[in-house]
Amino acid sequence: MKLSYTVSQEEYLSALLYLLRRRGRAPWRRFTAFMLTAGQLLFVLAFCLNGALPRERAAFLLLLSGAVLVLNACLYLPTRQRARILLRRMKRSGQWDPEYEKTHRLSWQEDKLALRYGRTERKLAAASVTQLVRLREVLLVMTGDALFCVIPLSAWGGGEAGLPAFQAEVRERKFRESKQRVRAAREELAAQGSAPYRYSYTRERYLADLKRAHRSAYAGRTGWPLPSVLRAAGGGLLLAAALLQPAAWGWRALALLAALVLLYPYLWTFSFLLGGRLARETEAIVSFAPGREAEFYETESSLVFLGEVHCLEIPREDVLAVRRIRGGAALYLKNRMIVPVPDGGSGARTGGIQALLR
């Protein structure tokens, strides 16, 4: 595979905008952006409506708050204008490589992607590619949260017939060693006489089961270690004080804010926010490992899950609890990982869910 192309400024801006949105997904970044934009405006509005200021000063304060909202929106919200500002800063500060505007040549050198433009050459091992992100006009090759290269979809010759082949080749080279490990583990388990419980997942079903598992944890002791109990009790007391106790509006707003910070894990778990967070956390896995078939094995000392490219071995002592969820079961591990397993599997032993529950 050899590609030759140039990256326009608009195409690079699309990549920068994606990176800004990706970086802004963190809850604390979203909270900061809200407080510096709409949050501060709501605070000033409540202060002015309280009647503590004369009308003229209140109007000036509201105008000033509105100006701060517009300014911070340009600085903190992931917009195309902010991407343009970031690109200009990169060029002024010397972070922009002028060679980047020249023709790009991308090819394979053994199991590494080699990118050359002008006198600059960069390489990335296939195993280090974490995600291929397809946008409307470009394909982004990511390694962690860093961008390795931007490939316009037009690089595949007007159509996109070569894009699936490129994605398949990256995936094959990335998981070559992983597939060998999975194959070796399957042969070793078969030699021990372990019979698999085979099941399959669609992305939608997997995310739905993860949501159920997160919420079901709070139906038992698994979701309530002592720090969580203290956090929930403190947040509940602060919320009750903010809503029920007579106090100055400033103190009530402060208590309400503190309660929201303490109760945030429970609020996002039982709201629509949970689905978005789980989708983001599994985005890289789903994009690169779309294989849906999996096998579950039991040994004397561990539980083993084999997928197309992944091998997960869980020592029995690392399992905190196993709970029945609708349509399957979920394992809760000491490292806070959750592994869902659906009903309806097949294979030499179809009692996989019952075995987990035992």
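Provided above is the structure to which this section pertains.
Residues numbered from 1 in each chain as written. Predicted model: local features only at pLDDT ≥ 70, side-chain atom pairs only at ≥ 80, totals over all residues. Heavy atoms only, no water.

Caption draft 1: Local environment of the sheet that holds strand E7 (residues 146-152). Spatially, E5-E6-E7 is the arrangement adopted by the three strands of the open sheet, whose pairing is antiparallel. Edge positions in the sheet fall to strand E5 (131-134) and E7, since each has one partner strand and no second. Put simply, the sheet's adjacent strands are angled 20 degrees from each other on average, direction ignored. Of the pairings in the sheet, the one linking E5 to strand E6 (residues 138-143) comprises four bridges and is antiparallel in character. For Val133, the partnering residue across the bridge sits in E6 and is Leu140. (Pairing = 2+ DSSP bridges. Helix = DSSP H or I, 4+ residues; strand = E, 2+ residues; numbered from the N terminus. Axes fitted to C-alpha atoms, helices over the stretch in contact; angles between N-to-C directions.)

Caption draft 2: Geometry of the packing of helix H7 (residues 203-216) against helix H10 (residues 273-281). Across the interface, H7 lies against H10 with an axial gap of 10 Å and an inter-helix angle of 125 degrees. What the angle tells us is that H7 and H10 run oblique. When you trace H7 past H10, the crossing you get is right-handed. For the pair H7 and H10, contact is made by Arg203, Leu207, Leu210, Lys211, His214 and Arg215 and by Leu274, Gly275, Leu278 and Ala279, respectively. Classifying every residue of the contact of H7 with H10 by side-chain character gives five nonpolar, two polar and three charged. (Parallel < 35°, antiparallel > 145°, perpendicular 65-115°, else oblique. Left-handed = near helix turned anticlockwise from the far one by under 90°. Contact = heavy atoms within 4.5 Å. Nonpolar A, V, L, I, M, F, W, Y, C, P; charged D, E, K, R; others polar.)

Caption draft 3: Focus on the pattern of salt bridges. By the definition in use, this model includes 18 salt bridges. Arg119 is the salt-bridge partner of Glu99, the closest N and O atoms lying 3.4 Å from each other. Of this pair, Glu99 sits in the loop between helix H4 (80-93) and strand E2 (104-109) while Arg119 is found in the loop between strand E3 (112-117) and strand E4 (120-125), placing the two residues 20 residues apart along the sequence. A residue is classified by how much of its surface remains accessible, and Glu99, at 10% relative accessible area, is buried. (Salt bridge = Lys/Arg side-chain N within 4 Å of Asp/Glu carboxyl O. Buried < 20%, exposed > 50% of the residue type's maximum accessible area, 1.4 Å probe, protein only.)

Caption draft 4: The environment of Thr299, seen in detail. With respect to the helices, strands and loops of the structure, Thr299 is situated in the loop between strand E9 (293-298) and strand E10 (302-306). In this structure the C-alpha to C-alpha distance between Thr299 and Gln192, which are 107 residues apart in sequence, comes to 8.8 Å. Ignoring any residue separated from it by four or fewer positions in sequence, one finds Thr299 in contact with Leu189, Gln192, Ser194 and Arg316. Looking at Thr299, its side chain comes within polar contact range of the side chain of Ser302, at 2.9 Å. (Polar contact = N/O pair within 3.5 Å; in protein donor to acceptor, adjacent residues only side chain to side chain.)

Caption draft 5: Spatial organisation of the packing of aromatic side chains. On inspection of all chains with the given rule, the structure shows 13 aromatic pairs. Centre to centre, the rings of Tyr199 and Tyr201 are 6.0 Å apart; their planes meet at 85 degrees, and the pair counts as edge-to-face. For Tyr201, a relative accessible area of 10% puts it in the buried group. Pairing Tyr201 with Tyr206 gives two aromatic rings, centres 5.4 Å apart and planes at 75 degrees, and the pair type is edge-to-face. (Phe/Tyr/Trp six-rings, centres within 6.5 Å; stacked < 30°, edge-to-face > 60°.)

Purely geometric stuff here, so don't read any function into it on its own.
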